[in-house]
Amino acid sequence: MSEESESQDPSEQRRLQRKLDQALEGLVLYERKWCPFCMRVNLSMRSLGIDLERVDIGEDPEAAKRLEQEGGKRMVPCLFIPDGESGQWLYESADIVDYLRALVEEMAP
C-alpha cells in the first residue's frame, strides 16, 4: 500500500471501494485452471486487488456452452462484461488485463 493510500480518509477509501465494486458487478471471467493466459489474468487481478466471479469451462459444461454460443468462440480467458441485455465478450489476456487496470485507475482519486 502506498503512503498516499495509507493517509487517505477511511470513509473515502470505502466510497472508492464501493464504486469499484459497482464497476466490477456482473463481470465474469471464463477460464481453465491450467491455461497460462488465464493464470496471467488471475495474477493481474490479484495485484490490482480485484476479485471477480470465475467460471472454469472444463468443470461447467453450461458455462462452456454459453461462452461458445454468446461469445462466439470457446476460447479462454474471456471476460463477460454486462452491457444492457446482451453484454460484451472480451477475449485475449492482455486486453482483459488492460480493461481491468483501466477500471481500477478510473476509480483512483
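Rules used throughout
- Residues numbered from 1 in each chain as written.
- Predicted model: local features only at pLDDT ≥ 70, side-chain atom pairs only at ≥ 80, totals over all residues.
- Heavy atoms only, no water.
- Helix = DSSP H or I, 4+ residues; strand = E, 2+ residues; numbered from the N terminus.
- Buried < 20%, exposed > 50% of the residue type's maximum accessible area, 1.4 Å probe, protein only.
- Contact = heavy atoms within 4.5 Å.
- Areas by Shrake-Rupley, 256 points an atom, 1.4 Å probe, with all protein chains shown as cover.
- Lys, Arg positive; Asp, Glu negative; His and termini not counted.
- Charge placed at Lys NZ, Arg CZ, Asp CG, Glu CD.
- Salt bridge = Lys/Arg side-chain N within 4 Å of Asp/Glu carboxyl O.
- Phe/Tyr/Trp six-rings, centres within 6.5 Å; stacked < 30°, edge-to-face > 60°.
- Expected span 1.5 Å × (residues − 1).
- Arc of directions from axis to C-beta.

## As for the overall build of the protein chain
Link 1 in the chain: Within the protein chain, the regular secondary structure consists of 5 helices and 4 strands.
Link 2 in the chain: For the protein chain, the α and β elements follow one another from N to C terminus as α-α-β-α-β-α-β-β-α.
Link 3 in the chain: Burial analysis of the protein chain (109 residues in total) assigns 36% to the buried set.
Link 4 in the chain: Sequence separation of at least 24 residues holds for 56% of the intrachain contacts in the protein chain that already meet a minimum separation of 6.
Link 5 in the chain: Total accessible area computed for the protein chain in this model is approximately 7100 Å², and 47% of it derives from carbon and sulfur atoms.
Link 6 in the chain: The average position of the 14 basic charges and that of the 23 acidic charges among the side chains of the protein chain differ by 3 Å.

## Considering the pattern of salt bridges
Link 1 in the chain: In this structure the tally under the stated criterion is 5 salt bridges.
Link 2 in the chain: Where Asp56 meets Lys33, a salt bridge forms, and the shortest distance between an N and an O atom there is 3.8 Å. Here Asp56, found in strand E2 (residues 53-56), pairs with Lys33, found in the loop between strand E1 (28-31) and helix H3 (36-48); they are 23 residues apart in sequence, far enough to count as distant.
Link 3 in the chain: With a shortest N-O distance of 3.2 Å, Arg66 and Glu70 are connected by a salt bridge. Linking Arg66 with Glu70, this pair stays in helix H4 (residues 61-71), spanning 4 residues, or about one helical turn.
Link 4 in the chain: Look at the salt bridges and you will find they share partners, linking Arg32, Lys33, Asp56 and Glu59 into a network.

## Observations concerning the packing of aromatic side chains
Link 1 in the chain: Counted under the stated rule, the structure contains 2 aromatic pairs.
Link 2 in the chain: Relative to Trp89, the ring of Tyr30 has its centre 5.4 Å away and its plane inclined at 50°; by these criteria the two rings are tilted. Here Trp89 lies in strand E4 (residues 88-91) and Tyr30 lies in strand E1, a separation of 59 residues in the sequence. A single burial state applies to Tyr30 and to Trp89, both of which are buried.

## So, helix H2 (residues 10-24)
Link 1 in the chain: Between the first and last C-alpha of H2 there are 21 Å, a value that for 15 residues agrees with the 21 Å anticipated at 1.5 Å per step.
Link 2 in the chain: Those residues of H2 that sit buried are Leu16, Leu20 and Leu24. One side of H2 carries all its buried residues, which in axial view fall inside an arc of 75°. In H2, the exposed residues that point more than 90 degrees away from the buried face are Arg18 and Gln22.
Link 3 in the chain: On its buried face, H2 sits against helix H5 (93-107).

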